[in-house]
Amino acid sequence: MTMRDVCRDFISPICQREKKSYALFVNEFGLKANAFVTHTWDEPFGEFVASVEQAVGNLLNPPPLWICSFALYQDQGMIQKMLLVPINKSPFARVIKSLDKKVGKFIV
């Protein structure tokens, strides 16, 4: 199962039903992310999870993670609208700019 499959089969239906991102479904008031996690759509989801666990799993206080497939409202119409936004105003740029410069992390 890939990240694309997980998003299509699990995340997107929750977004459609709840009218919000999966991240806001799980954390109603949101969290300030202090780590930006990137992924590919066709990577095996288990490998993605293992990579994230390897990066932050042993930390005493792991940072809140921003993972686009969970942080963005997964609806094709909304995604198309986001793609029209100038890159410097995109959700990706906004979260990267908001990372605490002293401890913010990129996890690839």
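Q: Can you help me understand the side chain of Ser90 in this one?
A: Structurally, Ser90 can be placed in the loop between α5 (76–83) and α6 (91–98). On the basis of relative accessibility, which here comes to 4%, the residue Ser90 falls in the buried class. Only 3.1 Å separates the side chain of Ser90 from the backbone nitrogen of Ala93, close enough to count as a polar contact.

Q: Whenever I open this one, helix α3 (residues 45–56) confuses me. Can you help?
A: The periodicity of an α-helix, 3.6 residues per turn, causes residues three or four places apart in sequence to face the same way. Compared with the 16 Å implied by 1.5 Å per residue over twelve residues, the 17 Å span of α3 between its first and last C-alpha is a close match. Within α3, burial applies to Phe48, Val52 and Val56. Buried positions in α3, seen along its axis, are confined to an arc of 45 degrees and lie on one side of it. Exposed positions of α3 whose direction lies more than 90 degrees from the buried face are Glu47, Glu53 and Gln54.

Conventions we followed
Residues numbered from 1 in each chain as written. Predicted model: local features only at pLDDT ≥ 70, side-chain atom pairs only at ≥ 80, totals over all residues. Heavy atoms only, no water. Helix = DSSP H or I, 4+ residues; strand = E, 2+ residues; numbered from the N terminus. Buried < 20%, exposed > 50% of the residue type's maximum accessible area, 1.4 Å probe, protein only. Polar contact = N/O pair within 3.5 Å; in protein donor to acceptor, adjacent residues only side chain to side chain. Expected span 1.5 Å × (residues − 1). Arc of directions from axis to C-beta.

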